[in-house]
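Structural overview for review
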Amino acid sequence: MIENYNNVRAVLNELRAALKQLRETGETYSVYIEKTGLTEEEQVEVLETLGRGHITISFNETDQPVEWYESQFSGIWIGTYKNGRDDSILHTVEVSRYPVVAGAYDEDMETAEENLQTWIDAAGL
């Protein structure tokens, strides 16, 4: 049981400040919840306080799948990274418009452009 919520309060205030910074400057913020120095109980308290919103993003095409969900606070995303046995190995809290790692990379978009052109040519369009 948590006797002193000062550490939890500090993390939540840090996230609130990061939301303001995102809104005003576009700068994102990310933290590995296990590396914050919080006890396991405090980590659970932070994650439970953030809650779960309505948007979930899954990235499964890797040996270490990731699932992000937006918390009940728009702009705060919780990421759960898993190993090949589907065990959670890392949690992130990201303050961003969407999880940065989930965004499309230029290389992937270039490949997509080429593949789409190939499909268009093959279809005779």
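Since this is a predicted model, take the numbers as computed values, not measurements.

Examining the packing of helix α1 (residues 6-25) against helix α2 (residues 40-50)
Any two packed helices are characterised by the angle at which their axes cross and by the distance between the axes. Running from amino to carboxyl end, α1 crosses α2 at an angle of 45°, the nearest separation of the two axes being 9 Å. Between α1 and α2, the angle is such that the two are oblique. As for how α1 packs across α2, the hand of that crossing is right-handed. Touching N7, V8, V11, L12 and L15 of α1 are E42, E45, V46, T49 and L50, all from α2. Here the contact of α1 with α2 is built from residues that sort into six nonpolar, two polar and two charged.

Topic: the sheet that holds strand β3 (residues 66-70)
With respect to topology, five strands assemble into an open sheet ordered β1-β5-β4-β3-β2, the strand pairing being antiparallel. Edge positions in the sheet fall to β1 (29-32) and β2 (56-59), since each of these pairs with one other strand and no more. Strand-to-strand twist of the sheet, defined as the mean angle between neighbouring strand axes without regard to direction, takes the value 20°. Sheet analysis places β2 next to β3, joined by four bridges and oriented antiparallel. Opposite T56, over in β3, you have Y69 as the bridge partner. Across the sheet, α1 touches β1, β4 (76-82) and β5 (88-95), and the angle it forms with β5 is around 50°.

Some words on the environment of Q21
Looking at the element boundaries, Q21 is found in helix α1. Sequence spacing of Q21 and A104 is 83 residues, and the spatial spacing of their C-alpha atoms is 23 Å. Those residues within four positions of Q21 in sequence are excluded, and the remaining contacts are G26 and E27.

Side note on the UniProt feature "domain: HupH hydrogenase expression protein C-terminal" (unreviewed entry) in the protein chain
Within the UniProt annotation, "domain: HupH hydrogenase expression protein C-terminal" (unreviewed entry) is assigned to residues 7-121. Secondary structure content for residues 7-121 is 40% helix and 24% strand, and the end C-alpha separation is 59 Å.

Cut-off values and rules
Residues numbered from 1 in each chain as written. Predicted model: local features only at pLDDT ≥ 70, side-chain atom pairs only at ≥ 80, totals over all residues. Heavy atoms only, no water. Axes fitted to C-alpha atoms, helices over the stretch in contact; angles between N-to-C directions. Helix = DSSP H or I, 4+ residues; strand = E, 2+ residues; numbered from the N terminus. Parallel < 35°, antiparallel > 145°, perpendicular 65-115°, else oblique. Left-handed = near helix turned anticlockwise from the far one by under 90°. Contact = heavy atoms within 4.5 Å. Nonpolar A, V, L, I, M, F, W, Y, C, P; charged D, E, K, R; others polar. Pairing = 2+ DSSP bridges. UniProt positions renumbered as here; feature names shortened; annotations may be inferred.

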